[in-house]
Amino acid sequence: MLKRIKFTTVPVQDQGRALEFYTKKLGLKVFTDQTMGDSRWIELQVPGAETLVVLFKEANHTPGKMPAAVFVADNVQATYEELKAKGVEFQQPPKKEHWGEHAILKDSEGNLVLVGTA
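Here we summarise the structure given alongside this text.

Basis of the calculations
Here, residues in each chain are numbered from 1, in the same order as that chain's written sequence. Side-chain atom pairs in this predicted model are given and counted only at pLDDT of 80 or more, local residue features only at pLDDT of at least 70, and totals for whole chains, interfaces and linings cover all residues. Just so you know, side-chain values use all the structure's heavy atoms and leave hydrogens and water out. Nonpolar cores are built from buried Ala, Val, Leu, Ile, Met, Phe, Trp, Tyr and Cys residues. Side-chain atoms within 4.5 Å join them into one set. Under the scheme applied here, a residue whose accessible area is under 20% of the maximum for its type counts as buried, over 50% as exposed, and between as partly exposed, the area being computed with a 1.4 Å probe on protein chains only. Secondary structure elements follow DSSP: runs of H or I of four or more residues count as helices, runs of E of two or more count as strands, with numbering from the N terminus. Residue contacts follow a heavy-atom distance rule, with two residues in contact if any of their heavy atoms lie within 4.5 Å. Each aromatic pair joins two rings of Phe, Tyr and Trp (for Trp, the six-membered one) with centres within 6.5 Å, and gets the label stacked for planes under 30 degrees apart, edge-to-face for over 60, and tilted for any other angle.

### Section: the nonpolar core
Line of reasoning, step 1. Core analysis: the biggest nonpolar cluster contains 23 residues, and Val10, Tyr22, Leu44, Leu55, Phe71, Phe90 and Leu105 have the highest contact counts within it.
Line of reasoning, step 2. Mapped onto this core, the elements with two or more residues apiece are β1 (7–12), α1 (15–25), β3 (39–45), β4 (52–57), β5 (69–72), α2 (76–85), β7 (100–106) and β8 (112–116).
Line of reasoning, step 3. Here the element with the most residues in this core is α1; it accounts for 4 residues.
Line of reasoning, step 4. Each residue touching phenylalanine 71, except ones within four places of it in the same chain, is listed here: Tyr22, Leu28, Val46, Val53, Val113, Leu114, Val115 and Gly116.

### Considerations on the packing of aromatic side chains
Line of reasoning, step 1. Counted by the stated rule, this structure contains 3 aromatic pairs.
Line of reasoning, step 2. Centre to centre, the rings of phenylalanine 21 and tyrosine 22 are 5.3 Å apart; their planes meet at 80°, and the pair counts as edge-to-face.
Line of reasoning, step 3. By relative accessible area, phenylalanine 21 is classed as buried at 8%.
Line of reasoning, step 4. On the basis of relative accessible area, tyrosine 22 is assigned to the buried category, the value being 0%.
Line of reasoning, step 5. Both rings, one in tyrosine 80 and one in phenylalanine 90, keep their centres 4.7 Å apart while their planes meet at 70°; by these two values the pair is edge-to-face. One end of the pair, tyrosine 80, is in helix α2; the other, phenylalanine 90, is in strand β6 (residues 89–97), and 10 residues separate them in sequence. For the pair tyrosine 80 and phenylalanine 90, one class covers both residues: buried.

Take it as geometry only, folks, not as evidence of what the structure does.
Pasting the structure below:
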């Protein structure tokens, strides 16, 4: 039987630039960073989480219209303010809906990333 999700991938054009963004700006920790052919296998971890985020090199990456990743924050407004202060670009500031609060940012590769409540 299935037990859990081990990792999910976020497509990126430049793995080095994406690694810096996800670690320095979003605070993820490097779990694995090793060579894999002409690219790298980079797994990142949100402190305390089991599921890993893999920065997967995609040569002709075109960001999609749907979020590439969704993260949970205890306080979306405070997280928004903290990330804005670090220079993170947001497509949508915090917005409250009947199902919770969320904000949408753009990563270094143009991917949308949603930060919301659980």
